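Report on the structure
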Amino acid sequence: MKVFITGGTGFVGSAVVQELVANGFEVVGLARSETSAQKLISWGAQPVRGSLTSLSTLATAAAQADAIIHLGFNNDFRHFFSGWCNGSACH
């Protein structure tokens, strides 16, 4: 079974990737940087370079997977509220 994971090098995601690989799953992980890609490779996963905003990359990787685990998070807090607040609704 092929699993596509976002956030695979984060605190929770790294444990999930390693557990999946250890149990025989084919794991493909989204990697924003070369460092993240190398971590995934060292754990036995296949990296796909891109980000959570790379919609075509996400769509392609998801379409080729049997399962998807989304653990990714954009930790740029300058825009943290912009996705779900509308001006006066968040203070």
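Residues numbered from 1 in each chain as written. Predicted model: local features only at pLDDT ≥ 70, side-chain atom pairs only at ≥ 80, totals over all residues. Heavy atoms only, no water.

1. Some points on helix H2 (residues 34-42)
Spelled out, the test is: Burial classes: relative accessible area under 20% of the type maximum marks a residue as buried, over 50% as exposed, and values in between as partly exposed (1.4 Å probe, protein chains only). Starting at the N terminus, helices and strands are each numbered in turn, a helix being any DSSP run of H or I of at least four residues and a strand any DSSP run of E of at least two. The arc refers to the directions leading from the helix axis to the C-beta atoms. Should any heavy atoms of two residues lie within 4.5 Å, those residues are counted as being in contact.
Within the span of H2, buried status applies to Ser36, Ala37 and Leu40. Buried residues of H2 fall within an arc of 100° about the axis and therefore sit on the same side. Projecting away from the buried face of H2 at angles above 90 degrees are the exposed residues Thr35 and Ser42. Against the buried residues of H2 lie helix H1 (11-22), strand E2 (26-31) and strand E3 (46-49). In the segment just after H2, glycine 44 is the residue with positive phi, at about 95°.

2. Things to note about the nonpolar core
The following threshold applies: Only buried residues count toward a nonpolar core, which is a set of Ala, Val, Leu, Ile, Met, Phe, Trp, Tyr and Cys residues joined through side-chain atoms within 4.5 Å.
Grouped together as the largest cluster of nonpolar side chains are nine residues: Val3, Ile5, Val17, Leu20, Val27, Ala31, Ala37, Leu40 and Ala45. Those elements giving two or more residues to this core turn out to be strand E1 (2-6), H1, E2 and H2. If near-sequence neighbours (up to four positions away) are discounted, valine 27 is found in contact with Val3, Ile5, Val17, Leu20, Val21, Ala45 and Gln46. Counting residues in hydrophobic clusters, the runner-up holds seven residues, among them Val48, Leu58, Ala61 and Ala65.

Keep in mind that these numbers describe shape and distance, not what the molecule does.
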